[in-house]
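Spelled out, the chains give:
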Amino acid sequence: MTAAQMGFRRRLFLRKTTAAGFALLCVLATSIGIATLAVLLVDVTREGIGRVSWDFINSFPSRKPEQAGIKAALWGTIWMMGLTASFAIPIGVGAAVYLEEYAPRNWLTRVIQTNIANLAGVPSIVYGILGLALFVRAMSLERSVLAGSLTMALLVLPIVIIASQEALRAVPSSILEAAYAVGASRCQVVSRQVLPAAFPGILTGIILALSRAIGETAPLIMIGALLFVPFTPSGPLDRFTVLPMQIFNWTSRPQPEFRENAAAGIIVLLIVLLTMNATAIILRNRFQARARQ
Amino acid sequence: MGVTDIEAVGPTSRIRRRGPLEARLRHGREAVIHSVLFLCASVSIFTTLAIIATLLEETTGFFREVSIIDFLTDTKWIPGLGGGPGGLEPHFGILPLLSGTLLVAAGAAVVALPVGLLTAIFLSEYAPGWLRGIVKPVLEVLAGIPTVVLGFFALTFVSEDIIRVLFPGTKIFNAASAAIVVGIMIIPMVSSLSEDAMSAVPCSLREGAYALGATKFEVALRVVVPAALSGIVASFILAISRAIGETMIVTLAAGATPNLTWNPLDSIQTMTAYIVQVSLGDTPQGSLGFRTIFAVGMTLFVMTLTLNVISQYLLHRFREVYE
């Protein structure tokens with residue numbers, strides 16, 4: 001064997017070893033995210049599972065940790081979700097329909113589009129500052145569940161718009177053209193052809209947006225959702241708290257019993273969120289499978 | 001003046017004359033729908049304008065009482081909320097809050113950028129389809145974990161069971177545990193955006209390199225990553241912007257002591273955590289102490305907006321190259 005051949009073999013061996021080492025590194029890196037998620041779930045379950053019970057779900061917060069529950073927070077979350085959805089869904093889907101089906105290609109459309117992408121990256125606490133100034137003070141809605149929901153609707157609006165736009169864009173243009181060809185007006189094309197075809201994709205976006213809103217805490221601290229609420233809201237102008245606020249409150253207390261309550265609250269919150277996420281993922285997979293056919 | 005309208009009904013089509021009124025009604029309805037939809041789209045513009053107006057109004061009020069030079073250069077942040085018994089002279093220097101924010105963001109970047117990029121390379125170049133179908137949804141679940149939950153995890157697990165075991169004597173509230181968990185939070189963002197960029201690299205480039213006898217490592221690092229570089233950098237910048245704006249993890253785990261330090265084991269305070277501290281306290285609205293949150297919020301908004309705009313510019317340029 002010549003020296004050149006030996007040199008080649010050695011280099012080839014080195015290159016193959018590097019490649020194998022790098023592949024291993026990639027596997028390790030990927031498992032960091034997954035392992036952390038597993039550790040988090042195990043840690044929270046271990047700390048909090050003992051407190052999860054019907055009493056915990058159906059009791060108001062209390063100064064005694066063993067009697068405290070999440071009734072007020074759970075009802076506050078349900079109220080806020082309903083109101084947020086009723087603002088964010090029509091406006092978000094409407095904006096997406098406008099941008100995809102109606103908007104002329106001009107500077108104004110480009111500004112709106114760029115602006116939506118930028119809003120998606122604004123920190124949630126800045127939305128809280130806006131909510132405090134606009135809804136709580138200027139519109140004097142006080143620190144009500146309505147003010148919180150309006151703030152949250154603005155926060156998730158970019159998510160709803162971007163997801164709906166993607167879903168609308170995926171509708172084949174042959175469907176639109178066929179509808180226009182038989183004389184349908186634009187609003188007939190949109191309401192009878194495009195929206196039904198894009199519905200699963202839009203729904204997925206809405207679920208993801210709402211699951212973001214359920215978990216947000218910072219903007220609600222800003223607009224002054226309460227930390228201690230021994231009642232459930234009975235109207236949109238009542239004061240309120242939500243699950244993440246209750247968890248935040250219990251976590252920031254020094255007593256370990258309250259920390260156990262926080263973990264139990266997290267378990268309830270995660271069950272709600274994982275159910276929503278799983279629904280969204282299943283819907284999307286089904287939608288993608290159908291689109292491929 | 002009649003308008004002719006053609007409607008196809010089944011196999012036969014009929015032509016029906018419509019009165020001018022009917023046509024005008026149809027036209028009018030279209031116009032109403034058009035303007036309602038336009039209003040929906042313009043809500044986003046109003047949101048941006050309202051954010052800027054709110055921040056500007058209160059911030060200018062703040063800078064009428066505090067010099068902007070002091071704000072940017074003073075190394076002490078003593079807002080004197082509620083008067084304080086010691087009667088300390090108030091100082092409004094953003095630097096301690098800024099250094100806290102940057103310390104956490106830098107720590108998070110050290111965790112998330114390499115891990116996120118390697119994850120993206122794994123998903124785009126190595127993982128078979130079935131594995132990608134499992135890993136991607138799991139990372140999406142990680143991305144969907146609320147930040148208050150991650151804050152709980154940072155405080156009760158990362159700080160207590162890892163940092164304080166490795167470095168005995170560290171305070172329970174420290175920058176390191178917050179930075180690590182913020183890093184974990186932004187991994188899915190880096191990996192999914194970088195993977196999108198890498199998937200857009202044409203297969204012919206990879207095939208050309210393989211045909212020359214390159215190994216998978218060489219293809220990934222010398223062909224795919226350089227070709228997708230602007231998309232990858234865009235994902236890095238966007239992730240750092242997220243880390244800067246993160247609130248609940250740093251509020252719960254990093255502490256509440258404005259501290260001009262680069263030691264990650266110290267207790268610090270970030271800009272976002274300061275805003276939370278003021279709004280949880282009983283600082284009267286309209287006072288100078290309360291106005292600080294708008295000045296700090298403005299700083300935060302300008303920083304994240306700049307990063308987002310840069311990131312979008314890079315993404316846009318990247319799209320033009322390959323489509």
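Because the structure is predicted, anything quoted here is derived from the model rather than measured. Along every chain, residues carry numbers that run from 1 in the direction the sequence is written. All chains are assigned letters beginning with A, and all ligands numbers beginning with 1, in the order in which they are written. Totals for whole chains, interfaces and linings use all residues, but because this is a predicted model, local features are given only for residues with pLDDT of at least 70 and pairs of side-chain atoms are given and counted only at 80 or more.

Along its length, chain A carries 11 helices and 0 strands. Working definition: helices are DSSP H or I runs of at least four residues, strands are E runs of at least two. Numbering for both runs from the N terminus. When the helices and strands of chain A are read in sequence order from the N terminus, they spell out α-α-α-α-α-α-α-α-α-α-α. Note on method: radius of gyration uses C-alpha positions; expected globular size equals 2.2 Å times residues raised to 0.38. A compact globule built from 293 residues would reach a C-alpha radius of gyration of about 19 Å, whereas chain A, at 25 Å, exceeds it by more than 25%. Exposure criterion: with C-beta atoms placed from backbone coordinates, a residue whose C-beta has 20 or more other C-beta atoms within 10 Å is buried, one with 12 or fewer is exposed, and one in between is partly exposed. Residue burial in chain A is summarised as follows: out of 293 residues, 46% are buried. Whether two residues are in contact is decided by their C-beta atoms, placed from the backbone, lying within 7 Å. Considering only contacts within chain A whose residues lie at least 6 apart along the sequence, 76% involve residues at least 24 apart.

In the Ramachandran plot, Ser140 of chain A falls in the positive-phi region, its phi being about 35° despite a non-glycine side chain. By secondary structure assignment, the location of Ser140 of chain A is in the loop between helix H5 (124-138) and helix H6 (145-169).

Another aspect to go through is the nonpolar core. Here a nonpolar core is just a set of buried residues of the types Ala, Val, Leu, Ile, Met, Phe, Trp, Tyr and Cys, joined wherever their C-beta atoms sit within 7 Å. Grouped together as the largest cluster of nonpolar side chains are 188 residues, with contacts concentrated most on Val160 of chain A together with Val104, Ala178, Val181 and Ile249 of chain B. Dropping the residues within four chain positions of it, Ala178 of chain B is found in contact with Val104, Ala154, Ile249, Val250, Ala253 and Ala254 of chain B.

What follows is about the interface of chain A and chain B. Interfaces are frequently sized by the accessible area removed from exposure as the parts join. Each partner contributes to the interface: chain A provides 70 residues, whereas chain B provides 72 residues. Counting residues per element, the side of chain A that touches chain B draws most heavily on helix H1 (residues 3-48) of chain A, at 18 residues. Of the residues belonging to the side of chain A that touches chain B, the class tally is 47 nonpolar, 18 polar and 5 charged. The residue classification treats Ala, Val, Leu, Ile, Met, Phe, Trp, Tyr, Cys and Pro as nonpolar and Asp, Glu, Lys and Arg as charged. All others, Gly included, are polar.

What follows concerns the domain arrangement of chain A. All names here are of chain A. Throughout, the edges of the domains are those of an automatic or database domain assignment. We note that the domain assignment places domain 1 (3-51) and domain 2 (54-292) within chain A. Taking only C-alpha atoms, the centre of domain 1 and the centre of domain 2 are 36 Å apart. Listed per partner, the contact involves 6 residues of domain 1 and 8 residues of domain 2. When its residues are assigned to classes, the side of domain 1 that touches domain 2 shows 2 nonpolar, 2 polar and 2 charged.

With that settled, the discussion passes to the domain arrangement of chain B. Residue and element names in this part refer to chain B. With domains assigned, chain B is organised as domain 1 (3-65) and domain 2 (91-322). With centres defined by C-alpha atoms, the gap from domain 1 to domain 2 works out at 38 Å. Contacts between domain 1 and domain 2 engage 7 residues on the former and 8 residues on the latter. Residue composition of the side of domain 1 that touches domain 2, by class: 3 nonpolar, 2 polar and 2 charged.

Here a helix's expected span is defined as the number of its residues, less one, multiplied by 1.5 Å. With 17 residues, helix H9 (residues 229-245) of chain B should reach 24 Å at 1.5 Å per residue; the first-to-last C-alpha distance of 24 Å fits that figure. Counting buried positions along H9 of chain B yields 14 of 17 residues, so the element is predominantly enclosed.

Moving on to the packing of helix H7 (residues 203-211) of chain B against helix H8 (residues 216-227) of chain B. All names here are of chain B. The axes used here are C-alpha line fits, helices contributing only the stretch in contact, and every angle between their N-to-C directions lies in the interval 0 to 180 degrees. Taken N-terminus to C-terminus, the directions of H7 and H8 make an angle of 150°; their axes are 10 Å apart at the nearest point. When the interaxial angle is binned, H7 and H8 end up roughly antiparallel. For the pair H7 and H8, the crossing hand works out as right-handed. Contacts from Leu205, Arg206, Ala209 and Tyr210 of H7 reach H8 at Glu218, Val219, Val223, Val224 and Ala227. Among the residues forming the contact of H7 with H8, the class breakdown is 7 nonpolar, no polar and 2 charged. Any angle between 65 and 115 degrees counts as roughly perpendicular, while under 35 counts as roughly parallel, over 145 as roughly antiparallel, and the rest as oblique. Whether a crossing is left-handed or right-handed is set by the direction in which the near helix is turned from the far one by less than a right angle, anticlockwise for left-handed and clockwise for right-handed.

Within a predicted model, pLDDT stands for the predictor's per-residue confidence, ranging from 0 to 100. Mean pLDDT for chain A: 89, with 97% of residues reaching 70 or above. Confidence scores differ between elements of chain A, with helix H11 (residues 256-292) of chain A showing the lowest mean pLDDT of 84 and H6 of chain A the highest of 94.

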